[in-house]
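Analysis of the macromolecular model
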Amino acid sequence: MKTLKIFGLALLMIFFAQGKIFAAMPEISAGETYFDIFRGVYVLKGNVHVALDNHGFKATVTADEALVSVAKQKCWAEGNVKLAQENIIFSCERAYLQWQTKTAEVTGSVKFENKKSLAITSDTAVFNWQEKIVDFYGKITLDADKNVKLADGLALDGKNYQHVKYNVVEEKILELDKTFDAPEIVIPSADE
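Presented here is an overview of the structure given in this document. (Residues numbered from 1 in each chain as written. Predicted model: local features only at pLDDT ≥ 70, side-chain atom pairs only at ≥ 80, totals over all residues. Heavy atoms only, no water.)

Re the pairing of strand E9 (residues 133-144)
Bridge count between strand E8 (residues 118-128) and E9: 9 bridges; the pairing is antiparallel. Bridge pairing links alanine 119 to aspartate 143 in E9. Linking two consecutive strands that pair antiparallel, namely E8 and E9, is a turn of 4 residues; a positive phi of about 60° is found at lysine 132 within it. Pairing of E9 with strand E11 (residues 160-167), which is carried by 7 bridges, proceeds in the antiparallel orientation. Bridging across to E11, isoleucine 133 finds its partner in asparagine 167. (Pairing = 2+ DSSP bridges. Helix = DSSP H or I, 4+ residues; strand = E, 2+ residues; numbered from the N terminus.)

What to know about the environment of aspartate 123
As for its position among the elements, aspartate 123 is in strand E8. The class for aspartate 123 is partly exposed, based on a relative accessible area of 39%. Residues aspartate 123 and lysine 111 lie 12 residues apart in sequence; the distance between their C-alpha atoms is 8.9 Å. Setting aside chain neighbours within four positions, we find aspartate 123 in contact with Val106, Thr107, Gly108, Ser109, Val110, Tyr137, Gly138 and Lys139. (Buried < 20%, exposed > 50% of the residue type's maximum accessible area, 1.4 Å probe, protein only. Contact = heavy atoms within 4.5 Å.)

Side note on unusual backbone geometry
Located in the positive-phi region is asparagine 47, a residue other than glycine, with phi close to 50°. Within the chain, serine 109 stands out as a residue other than glycine whose phi angle is a positive 50°. Note on placement: serine 109 falls in strand E7 (residues 103-114). A relative accessible area of 46% means that serine 109 is categorised as partly exposed.

Next up, the structure:
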């Protein structure tokens, strides 16, 4: 009986913590949805849709599968992932979002498009949604038309790069590197 009371108390603490952390509870839907009490995550499979509003930051993640920890403020998505925030859209194989650091790490066949003048493919990318800056890493193909904005001193030199830094609000390329020692982006397990 004591174990049942402790379990009930722990469950209540999880639900109360969720209400205080977020301005609004994320909208979560999928073909199959359940809450894994032992891991503290929502498990989502098939036609995953997660829409969140975290104190003014609004984003939507769609994927084949995802785990969402409201208490830890994290989301792990896998398979045909699309991350949309305002007019910013990434597609990739895997994504890891952290609300506290305001970052999204994306890996595997990363694609980004600014429909006006830019398309970027890369191996990995890190998007800081507070600063609206994205760093692309790895084997990068950059397709930019003549209207793309460049930071002072930059000039396009072909289409292949190892690092591109882009400001999504100003729609401006901030850095272009043909050779770059890229950080390894590893999406952690939800159990860590």
